[in-house]
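# Understanding the architecture of this molecule
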Amino acid sequence: MGLGATVGADLLAVPFPKMVLSLAQAISKGQLALDQASLNTLKVLAKTKFDYIPEITEVLSPSEDINAGGVTVTGVDVELITPRALKLTLLQAGIVPTFYQFTESVIEVKMSISSKVESQSEFEFGIETEASAGFLFASGSVSSHVNFKTSNTFSYSAEGSSLLRTTLKPTPPPARMMPRFITVNTLVQPPTVTFSE
Amino acid sequence: MPVQMWFIAQKGDVTEETTRELTRAVREQGGLILMMTRTGPLVALDDQVAPLVERHPLVGLMGPVSLNPRGLAVDRLQHIFAENLSKQLDLAAFDKTEAAPE
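Our subject in this report is the structure included herewith. These numbers come from a predicted model, not from an experiment.

### Re the overall build of chain A
Counting secondary structure elements, chain A contains three helices and nine strands. Along chain A, helices and strands appear, N-terminal first, in the series α-α-β-β-β-β-α-β-β-β-β-β. Counting all 197 residues of chain A, 9% fall into the buried class.

Below you can see the structure in the form of structure tokens.
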């Protein structure tokens, strides 16, 4: 198997589909938990009531003049008309739970593959001759040697790192989760109808 | 430091004592009380310290909330928030921060 094939196999070995699936499942679970928390808050807000007095009317009417230290001051009667307090829930009043949404998710996979092939050969050839001659005889010797060394070094390393990043942003409450308020105010004549969401 | 509005529903009976303890816990984390309700306080709190407050034994439920501009009493709520905040903000410290050289 060539080096290119090995690198290709390593790249293919990255469990990308599994990573995407895991991320999607994690986001799905996270989104569900966030929505449930927001809905729980919504329920509590819908149950929490407070007394809302939209306006207080002061009616000033002339009264008997008052003489204070020799100075005549026009007298005024102040009549305070406080209407019946409205029982509003916090949700009606205008407090809504914040909903969040995963808007963007990124999977970043980084791989570093390095390979090194070293091939080294050494060839050595040597010959030695020796000759001697005497009166009656002569001798000679020849010796030779051949050394051949070869070494191959092969190193291969593959390193990988992955980064998962998601962005969470607040979003307006889903329209279907938020009730529409229709307020019929019978405190005034004729009664008024107000729509709010 | 993203500060946002949180609604805290108290666990158990809401009494003056428990409310005081809870608001103290919020203030200790740098939070501000926007309004008190019969269920619990509405507070302004940093996201980073919100989990610390959430772990308080008196907290039954805590969730981020925002103002719906089309609510029936939004103006009144904002007025209440502003009034309550003005009582808690350390204006002297704010002035020092403003005057500090860069």
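On we go from here.
### What about the environment of Val7(A)?
All names here are of chain A. Residue placement: Val7 occurs in helix H1 (residues 3-12). Its 16 C-beta neighbours within 10 Å are what place Val7 among the partly exposed residues. Along the primary structure Val7 and Ser114 are separated by 107 residues, whereas in three dimensions their C-alpha atoms are 9.0 Å apart.

### Considerations on the interface of chain B and chain A
In this complex, chain B contributes 19 residues to the contact, which on the side of chain A involves 21 residues. Breaking the side of chain B that touches chain A down by element, the ones donating at least two residues are strand E1 (3-10), strand E4 (59-67) and helix H3 (74-88) of chain B. The element best represented in the side of chain B that touches chain A is E4(B), accounting for six residues. Split into classes, the residues belonging to the side of chain B that touches chain A amount to ten nonpolar, six polar and three charged. In terms of strand pairing, strand E5 (residues 95-97) of chain A meets E4(B) through three bridges, oriented antiparallel. Considered in E4(B), the bridge of Pro97(A) is made with Val65(B).

### Digging into helix H1 (residues 16-28) of chain B
Taking 1.5 Å as the rise per residue, H1(B) with 13 residues should run 18 Å; its terminal C-alpha atoms sit 18 Å apart, in good agreement. Backbone geometry just after H1(B) places Gly30(B) at a positive phi near 85°.

### Re the sheet that holds strand E2 (residues 32-36) of chain B
Spatially, the five strands line up as an open sheet ordered E5(A)-E4(B)-E1(B)-E3(B)-E2(B), and their pairing is antiparallel. Only two strands of the sheet have a single partner each, and these edge strands are E5 of chain A together with E2 of chain B. The mean angle between the axes of side-by-side strands here comes to 40°, regardless of whether they run parallel or antiparallel. Note that E1(B) and E4(B) share six bridges and pair antiparallel. From the neighbouring strand, Phe7(B) faces E4(B), where its bridge partner is Gly63(B). Lying over the sheet, H3(B) contacts E5 of chain A together with E2 and E4 of chain B, oriented at roughly 135° with respect to E2(B).

Calculation rules
Residues numbered from 1 in each chain as written. Chains lettered and ligands numbered in written order. Predicted model: local features only at pLDDT ≥ 70, side-chain atom pairs only at ≥ 80, totals over all residues. Helix = DSSP H or I, 4+ residues; strand = E, 2+ residues; numbered from the N terminus. Buried ≥ 20, exposed ≤ 12 C-beta atoms within 10 Å, placed from the backbone. Contact = placed C-beta atoms within 7 Å. Nonpolar A, V, L, I, M, F, W, Y, C, P; charged D, E, K, R; others polar. Pairing = 2+ DSSP bridges. Expected span 1.5 Å × (residues − 1). Axes fitted to C-alpha atoms, helices over the stretch in contact; angles between N-to-C directions.

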